[in-house]
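Report on the structure
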Amino acid sequence: MHSFRISIIYCKSVVRRSTESKCIGAVPRVWVKYCSSQSANKNPAPGRTVDEDEIRNFGNLADKWWDEDGEFKALHSLNKLRVPFVRDGLVNSGQVDPKKAGSGKPLEGLKVLDVGCGGGILSEPLARLGAQVVGLDASPESIAIADLHAEKMVHRPRYVCETIEDHSENNCQHYDAVVLSEVIEHIQNKDICLQLCTGMLQPGGSIFMTTLNRTWLSQLGIFGSEYVLRLLPPRTHQHEKFISPQELQTMLQKYGCSTKLIHGMMYNFLNNKWSWSKSTGINYALQAVKQKQDVC
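So, how was this worked out
Residues numbered from 1 in each chain as written. Predicted model: local features only at pLDDT ≥ 70, side-chain atom pairs only at ≥ 80, totals over all residues. Heavy atoms only, no water. Helix = DSSP H or I, 4+ residues; strand = E, 2+ residues; numbered from the N terminus. Buried < 20%, exposed > 50% of the residue type's maximum accessible area, 1.4 Å probe, protein only. Contact = heavy atoms within 4.5 Å. Areas by Shrake-Rupley, 256 points an atom, 1.4 Å probe, with all protein chains shown as cover. Pairing = 2+ DSSP bridges. Axes fitted to C-alpha atoms, helices over the stretch in contact; angles between N-to-C directions. Arc of directions from axis to C-beta. Expected span 1.5 Å × (residues − 1). Polar contact = N/O pair within 3.5 Å; in protein donor to acceptor, adjacent residues only side chain to side chain. Phe/Tyr/Trp six-rings, centres within 6.5 Å; stacked < 30°, edge-to-face > 60°. Parallel < 35°, antiparallel > 145°, perpendicular 65-115°, else oblique. Left-handed = near helix turned anticlockwise from the far one by under 90°. Nonpolar A, V, L, I, M, F, W, Y, C, P; charged D, E, K, R; others polar.

Of regular secondary structure, the chain possesses 10 helices and eight strands. By residue count, 51% of the 296 residues in the chain fall in the buried class. Here the analysis covers contacts within the chain between residues at least 6 apart in sequence; of these, 70% occur between residues at least 24 apart. Carbon and sulfur atoms provide 53% of the accessible area of the chain, an area that totals close to 14,200 Å².

Here we take up the sheet that holds strand β1 (residues 111-115). Taken in spatial order, the eight strands make up an open sheet running β3-β2-β1-β4-β5-β8-β6-β7, and their pairing is mixed. Every interior strand has two partners, whereas the edge strands, β3 (158-161) and β7 (273-277), have only one. For this sheet, the mean inter-axis angle between neighbouring strands, taken without regard to orientation, is 20°. Sheet topology places strand β5 (residues 201-212) next to strand β8 (residues 283-290); seven bridges connect them, and they run antiparallel.

Among the residues making up helix α10 (residues 245-254), those that are buried are Pro245, Leu248, Met251 and Leu252. The arc enclosing the buried residues of α10, seen along the axis, measures out at 130°, which places them on a common side. Away from the buried face of α10 by more than 90 degrees, exposed residues Gln246, Thr250, Gln253 and Lys254 are located. In this fold, the buried residues of α10 make contact with α8 (190-199), β5, β6 (257-268) and β8. In the segment just after α10, Gly256 is the residue with positive phi, at about 80°.

Now for helix α9 (residues 216-228). Its 13 residues place the ends of α9 17 Å apart at the C-alpha level, agreeing with the 18 Å of an ideal helix rising 1.5 Å per residue. Residues Ser218, Gln219, Ile222, Phe223, Gly224, Ser225, Glu226 and Tyr227 constitute the buried set of α9. Immediately beyond the C-terminal end of α9, within one or two residues, lies Arg230, with a positive phi of roughly 60°.

With that out of the way, let us pick up unusual backbone geometry. A positive phi angle, close to 60°, is found at Glu182, a residue other than glycine. For Glu182, the location among the structural elements is in the loop between β4 (175-181) and α8. The exposure class of Glu182 is buried, given its relative accessible area of 14%. Positive phi values are uncommon outside glycine, yet Arg235 reaches one of about 70°. Within the secondary structure, Arg235 sits in the loop between α9 and α10. Under the relative-accessibility criterion, Arg235 is labelled partly exposed at 35%.

Our next topic: the environment of Gly116. Position of Gly116 among the secondary structure elements: in the loop between β1 and α5 (123-128). Since its relative accessible area comes to 32%, Gly116 is described here as partly exposed. The spacing of Gly116 and Val183 is 67 residues in sequence and 6.0 Å in space, taken between C-alpha atoms.

Its location among the elements puts Thr49 in the loop between α2 (29-38) and α3 (52-60). Along the primary structure Thr49 and Lys190 are separated by 141 residues, whereas in three dimensions their C-alpha atoms are 6.9 Å apart. Those residues in contact with Thr49, other than ones at most four positions away along the chain, are Ile164, Glu165, Ile187, Gln188, Asn189, Ile192 and Cys193. Engagement of the side chain of Thr49 in a polar contact is seen with the side chain of Glu165, the distance being 2.8 Å.

Turning our eyes to something else, we now look at the packing of aromatic side chains. Under the defined criterion, the tally for this structure stands at seven aromatic pairs. Arranged with centres 6.5 Å apart and planes meeting at 15°, the rings of Phe223 and Tyr227 form a pair that is stacked. On the criterion of helical spacing, the pair formed by Phe223 and Tyr227 is a turn pair, its members being four residues apart in helix α9. A single burial state applies to Phe223 and to Tyr227, both of which are buried. Residues Tyr267 and Trp274 carry aromatic rings whose centres are separated by 4.9 Å and whose planes lie at 35° to one another, so their mutual orientation is tilted. Residue classification places Tyr267 among the partly exposed residues on the basis of a relative accessible area of 23%.

Two elements in contact, α8 and α10, have axes separated by 9 Å at closest approach and are oriented at 45°. Judged by the angle between their axes, α8 and α10 are oblique. Crossing handedness for the pair α8 and α10: right-handed. Contact residues: Lys190, Asp191, Leu194 and Thr198 in α8; Leu248, Met251, Leu252 and Lys254 in α10. Split by residue class, the contact of α8 with α10 holds four nonpolar, one polar and three charged.

See the structure below:
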């Protein structure tokens with residue numbers, strides 16, 4: 001936490017000095033641009049999960065969702081980790097018979113909610129494993145692309161353009177699994193989000209998340225990927241919205257979910273491959289299981 005505060009203070013001081021001076025001097029202009037973008041964050045709106053700027057940004061990129069060499073190529077590559085992560089997690093939690101794990105449809109009969117599904121990059125492979133997948137996203141442009149891409153699938157996801165708040169109203173304890181993959185770091189109010197998502201989960205059901213830790217390492221990673229290497233458009237991520245595994249565990253515990261495992265993840269941009277890691281310093285995956293029935 002201290003390193004995070006120091007990095008933000010440093011960013012703000014760099015921006016201030018650069019604007020007061022006629023010459024930036026030794027400070028790279030790209031770093032000043034990054035610091036300016038990170039210091040422009042707003043406080044979460046009470047009771048809201050949706051960040052309109054985030055929805056607008058991803059809506060503008062909607063036609064790129066299925067370009068496997070474009071802005072979302074890392075998400076396509078991440079499927080090699082996160083699809084088995086969800087499948088094996090459901091087996092280990094007792095929701096899937098281990099004898100079915102190696103079959104073509106191990107998730108058959110399970111209701112899965114993919115929150116922030118975007119263009120359906122994760123929804124489609126989960127549906128191919130037999131799950132009854134609902135892909136939820138607040139961007140109409142992204143939902144339109146997801147629907148179009150899934151047209152020829154035999155067992156296709158059902159896509160819904162709604163906020164988490166709206167969808168939760170009629171889906172109390174409805175799902176066997178809720179997935180938020182590369183989503184929570186874009187959510188305006190994380191506490192409300194997790195309260196609603198766990199409320200839609202059946203007792204004994206699992207919530208799966210992949211996200212970014214709020215550390216100086218992840219800050220450097222975002223700076224490098226968005227402002228130096230241009231792997232993603234600038235401002236795709238806001239470092240202040242990142243969340244540590246400990247914070248996530250505490251929030252989930254408050255809503256009756258016990259964390260079962262946390263894995264670190266590592267991305268190699270040179271070969272576009274993900275691997276599991278002992279370090280949770282940048283990316284990590286988490287599974288928690290709902291322990292009790294609640295009123296939602």
